[in-house]
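Observations on the model geometry
Chain by chain, the residues:
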Amino acid sequence: MKTIKPVWLLIFCGMALAHITVAQKREYYELRTYILQGKSHEERVDKFLKEAFLPAMHRAGISKVGVFKPVESDTTSGKRIYVMIPYTSLDQFAKIPGVLDNDKQFQLAGMDYLNATFDNPPYIRIQSVLLQAFSGMPKIESPKLKSPPGDRIYELRSYEGHTEQIYKNKVRMFNDGDEIGLFKRLGFNAVFYGEVVTGGRMPNLMYMTTFENKASRDEHWNAFREDAQWKKLSTMPEYQKNVSKIDIFFLHPTEYSDI
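Residues numbered from 1 in each chain as written. Predicted model: local features only at pLDDT ≥ 70, side-chain atom pairs only at ≥ 80, totals over all residues. Heavy atoms only, no water.

**What about the overall build of the protein?**
Broken down by element type, the protein carries 9 helices and 8 strands. By its C-alpha atoms, the protein is 70 × 60 × 35 Å across when sized along the principal axes. Buried residues in the protein amount to 44% of all 259 residues. Excluding contacts between residues fewer than 6 apart, the proportion of contacts in the protein whose partners are at least 24 apart in sequence is 81%. When the accessible area of the protein is evaluated, it comes to approximately 14300 Å², of which 56% is carbon and sulfur surface. Averaged over its 35 positive side-chain charges, the protein has a centre that lies 5 Å from the centre of its 31 negative ones. (Helix = DSSP H or I, 4+ residues; strand = E, 2+ residues; numbered from the N terminus. Buried < 20%, exposed > 50% of the residue type's maximum accessible area, 1.4 Å probe, protein only. Contact = heavy atoms within 4.5 Å. Areas by Shrake-Rupley, 256 points an atom, 1.4 Å probe, with all protein chains shown as cover. Lys, Arg positive; Asp, Glu negative; His and termini not counted. Charge placed at Lys NZ, Arg CZ, Asp CG, Glu CD.)

**Structural notes on the sheet that holds strand E2 (residues 66-70)**
Strands sit in the order E1-E3-E2-E8-E5-E7-E6-E4 around a closed barrel of 8 strands; the barrel is antiparallel. Strand-to-strand twist across the sheet, computed as the mean angle between neighbouring axes with direction ignored, equals 35°. Here strand E5 (residues 153-160) pairs with strand E7 (residues 204-211) via 8 bridges, running antiparallel. The residue of E7 that forms the bridge with Ile-153 is Phe-211. Running over the sheet, helix H2 (residues 39-59) touches strand E1 (28-35), E2 and strand E3 (80-87) and is turned about 10° from E3. Contacts from helix H6 (residues 164-175) reach E5, strand E6 (192-198) and E7, with the element oriented near 35° to E7. (Pairing = 2+ DSSP bridges. Axes fitted to C-alpha atoms, helices over the stretch in contact; angles between N-to-C directions.)

**Topic: unusual backbone geometry**
The linkage connecting Met-202 with the following residue, Pro-203, adopts the cis geometry, with an omega of -5°. Within the secondary structure, Pro-203 is located in the loop between E6 and E7. A positive phi is found at Asp-178, a non-glycine position, where the angle reads about 65°. Mapped onto the secondary structure, Asp-178 falls in the loop between H6 and helix H7 (179-185). Residue Asp-178 is classed as partly exposed on the basis of its relative accessible area, which comes to 37%. Although it is not a glycine, Asn-189 adopts a positive phi angle of roughly 50°.

**Looking at helix H3 (residues 90-101)**
Three or more residues of H3 are buried, namely Gln-92, Ile-96 and Leu-100. Along H3, the residues classed as buried sweep out an arc of 70° about the axis, all on the same side. Exposed residues pointing more than 90 degrees away from the buried face of H3 are listed as Ala-94 and Asp-101. Contacts made by the buried residues of H3 are with H2, E3 and helix H4 (104-109). (Arc of directions from axis to C-beta.)

**Examining the packing of aromatic side chains**
For the coordinates displayed, the defined rule picks out 28 aromatic pairs. With a centroid separation of 6.0 Å and an interplanar angle of 35°, the aromatic rings of Phe-48 and Phe-53 are classed as tilted. With respect to burial, Phe-48 and Phe-53 carry one shared label: buried. With a centroid separation of 4.9 Å and an interplanar angle of 15°, the aromatic rings of Phe-183 and Phe-224 are classed as stacked. One end of the pair, Phe-183, is in helix H7; the other, Phe-224, is in helix H8 (residues 214-226), and 41 residues separate them in sequence. Of the two residues, Phe-183 and Phe-224, both sit in the buried class. Stacked on the ring of Trp-221, the Lys or Arg Arg-157 has its end atom at 4.0 Å from the ring centre. In this structure, Lys-214 is placed above the aromatic ring of Phe-250, and the distance from its NZ or CZ to the ring centre is 5.9 Å. (Phe/Tyr/Trp six-rings, centres within 6.5 Å; stacked < 30°, edge-to-face > 60°. Lys NZ or Arg CZ within 6 Å of the ring centre and 35° of its normal.)

As structure tokens, this is what we get:
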């Protein structure tokens, strides 16, 4: 005898599948930090990224790769280059090294960097963090800015939690508490929000907001602190003491950055 499922059950199953599908669409982000010794390192890594790496990633189907440097007043200016790479899945992330190995154009354009000798490396070290996008903003967004790249301020923040559970509480504050929506309403031009899957400062989350210039950045944060929604959200009992340490990095995008 054929069993007919109630309509409510079919609707529930459809909603559940839709939820799973949405959850699976959250992107992954690799944030690389090149640690450099000086101008020679910076020029060689710049050349590699601009002429070899970004074009190869574009050929591999990754169209938006961000490249950023510390602002001039930062003590790490000239000593760091940040590269942000979005992936649709962990499978894509895992396959990229093999794709680059088989890309002849990449190998040729990146020869100086890729074939560097032990006594003349192009950098000191590379640090890498892997993140998964927040459910509240599952995909990267390009900022809508009009000022020259050298004037723009990209603010990268890392929020550490005392424990895994406390860290998750801060993530919920962004998603369920709609801190993401607050940033969007106030025009912070967020590039991404991500949960750190693996990195050196865990447990932590990271996100990036962008502004036309430093004055605009300060104005936006002043508005944020005075906003009624933030004042209410920040005093809610369930979201208290959920951050143990905040690191803030002020960056400019390079002229060849996709973001």
